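Results of the structural survey
Residues per chain are reported as follows:
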Amino acid sequence: MNKIQQIFENQANAEQIITEIINSIHNNGPINGEELEFLAIIKEKYPELFDKYENDILFLLGLFYKTEAPSDVISLLYNSYKDKIKELTGKTYTPIQAQIYKNILDNTIYSFSAPTSAGKSHLLRDLLDKIKNDIVIVVPSRSLIGEYLILLREHYKDDSSVLILEFVDDINKLKTRKRVFVLTPERVNEIYKYDFDIGLFIFDEAQLADDRRRGVNFERIVKKSEKRYPKAKKIFAHPFVDNPQAIYDKFNLQQKRVSDSFKQSTVGKIFLIKDENQYVCFNPYKQDGHHKKNLILLPGDNDFIANLIKERNYPLTHL
């Protein structure tokens with residue numbers, strides 16, 4: 001019997017699995033997606049049981065901004081990390097966020113890889129306040145431009161002196177103290193027609209450098225930014241890759257260079273398939289986990305997704 005079946009079988013099994021996972025994360029860090037999947041299933045299946053361990057789990061995952069006062073030895077130990085990070089950064093960052101933040105401030109060029117749950121967007125918004133000069137954020141698609149614009153305009157809603165732009169233009173000079181450009185690689189070339197005082201380039205989704213079609217243009221704007229603005233900080237942010245340092249050799253970037261590849265994750269996912277009007281759960285971390293013989297029927301109401309959305313008060317228009 002696999003662990004998902006054990007969890008669904010009874011609460012005692014689920015509690016034993018939670019304690020095993022807590023020990024594992026304490027010893028190895030939150031690097032095992034399978035364990036986070038089990039925690040997500042337990043949270044959904046036995047919410048009262050999960051509440052009993054939730055504060056310890058949040059400390060172990062480094063989600064210090066969500067934690068309550070420590071109540072046992074484990075949470076007390078990790079609370080000391082929380083206090084140290086707050087002392088060094090002034091923020092309640094996760095350990096990953098704290099290291100990224102420090103390396104960005106300490107280095108002219110920094111390349112890192114981290115999962116989408118690492119809190120990168122929150123961290124970068126804080127960083128923008130530290131940079132007094134103009135900022136260029138390079139993203140691979142217009143949809144990502146839209147996401148950034150929403151976040152940035154909300155962040156600077158009370159500061160009209162910061163201009164958020166999705167196109168390159170030198171406007172409103174008298175009332176603007178800083179510009180933040182959010183651009184696709186194709187639009188970045190317009191930057192070099194003006195004499196902006198750029199202090200930071202953020203190359204988000206920097207794996208675009210390996211794209212056969214758009215990689216050439218990406219390489220050109222990186223090299224040109226280094227030539228025109230050698231003192232500006234340059235950040236290369238990747239999703240999961242093992243060698244974020246490769247970007248330095250690819251573009252022949254010679255300045256002091258630091259890189260990190262973070263494996264830690266803080267989000268547990270439940271993997272479902274709708275099979276003959278019933279939702280079944282599977283474990284993608286096991287070989288053949290998606291095969292029919294390894295699928296596990298979710299107990300209770302078959303309308304799992306609709307019920308989940310109702311519980312969180314989301315509209316059901318599209319269901």
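Residues numbered from 1 in each chain as written. Predicted model: local features only at pLDDT ≥ 70, side-chain atom pairs only at ≥ 80, totals over all residues. Heavy atoms only, no water.

Topic: empty space enclosed by the protein
Rules: Residues are said to line a cavity or pocket when one of their atoms sits within 4 Å of a point; the points come from a 1 Å grid over protein atoms alone, cavities being sets where a 1.4 Å probe fits but cannot get out and pockets being open sets with protein on both sides within 12 Å along at least five of seven lines. Grid points are joined across faces, edges and corners, and a volume is the space filled by probe spheres set on the points. In this text, helices come from DSSP runs of H or I with a minimum length of four residues, and strands from runs of E with a minimum of two, each type numbered from the N-terminal end. For this classification, the nonpolar set comprises Ala, Val, Leu, Ile, Met, Phe, Trp, Tyr, Cys and Pro, the charged set comprises Asp, Glu, Lys and Arg, and every other residue, Gly included, is treated as polar.
Enumeration over the complete set of coordinates arrives at one cavity of 30 Å³ or more. One number sums up the size of the largest cavity: a volume of about 40 Å³. In terms of lining, the largest cavity is formed by Ser 121, Leu 124, Arg 125, Leu 128, Tyr 148, Leu 151 and Leu 152. Mapped by element, the contributors of at least two residues to the lining of the largest cavity are helix H7 (120-130) and helix H8 (142-155). Here the residues of the lining of the largest cavity are counted per class, giving five nonpolar, one polar and one charged.

A few points about the pattern of salt bridges
The criterion, for reference: Definition used for salt bridges: Asp or Glu carboxyl oxygen within 4 Å of a side-chain nitrogen of Lys or Arg. The rule is simple: take the accessible area with a 1.4 Å probe, protein chains only, and divide by the maximum for that residue type; under 20% is buried, over 50% is exposed, in between is partly exposed.
The tally for this structure, following the rule as stated, stands at 13 salt bridges. Linking Glu 87 and Lys 84 is a salt bridge whose minimum nitrogen-to-oxygen distance equals 3.5 Å. Residue Glu 87 and its partner Lys 84 are both found in helix H5 (residues 73-89); the two are separated by three residues, about one turn of the helix. Here Glu 190 ties to Lys 193 by a salt bridge, and the two come within 2.9 Å at their closest N and O atoms. Judged by its relative accessible area of 33%, Glu 190 falls in the partly exposed class. The structure contains a network of salt bridges with shared partners spanning Asp 134, Asp 170 and Arg 179.

Comments concerning the layout of surface pockets
Space left empty within the atom packing is revealed by a probe, the size of a water molecule, rolled over the atoms. Quantified by volume, the largest pocket comes out at close to 940 Å³. Surrounding the largest pocket, 48 residues form its lining, Leu 61, Leu 63, Ser 265, Thr 266 and Val 267 being those nearest its centre. At the level of secondary structure, the elements contributing two or more residues to the lining of the largest pocket comprise helix H2 (11-28), helix H3 (33-45), helix H4 (47-61), H5, helix H6 (95-106) and H7. The element that contributes the greatest number of residues to the lining of the largest pocket is H4, accounting for seven residues. Of the residues contributing to the lining of the largest pocket, the split by class is 25 nonpolar, 16 polar and seven charged.

Notes on the sheet that holds strand E10 (residues 296-297)
Our working rule: Note on pairing: two strands pair once DSSP finds at least 2 bridges between them.
With respect to topology, three strands assemble into an open sheet ordered E8-E9-E10, the strand pairing being antiparallel. With partners counted over all chains shown, the strands left at the sheet margins are strand E8 (272-275) and E10, one partner each. Here E8 pairs with strand E9 (residues 278-281) via four bridges, running antiparallel. Its bridge partner lying in E9, Lys 274 is registered against Tyr 279.

Description of H4
The periodicity of an α-helix, 3.6 residues per turn, causes residues three or four places apart in sequence to face the same way. To keep it simple, the criterion reads: An expected span of 1.5 Å times one less than the residue number is assigned to each helix. Consider a residue and the seven residues that end there alongside the seven that start there; fitting an axis to each set, the bend is the angle between those axes.
End to end, H4 covers just 18 Å across 15 residues, shorter than the expected 21 Å (1.5 Å per residue, more than 12% under). When the local axis directions of H4 are compared, the greatest deviation, roughly 55°, occurs at Tyr 53. Along H4, the positions that sit buried rather than exposed are Leu 49, Phe 50, Tyr 53, Asn 55, Asp 56, Ile 57, Leu 58, Phe 59, Leu 60 and Leu 61. Looking one or two residues beyond H4, the residue adopting positive phi is Gly 62, at roughly 80°.

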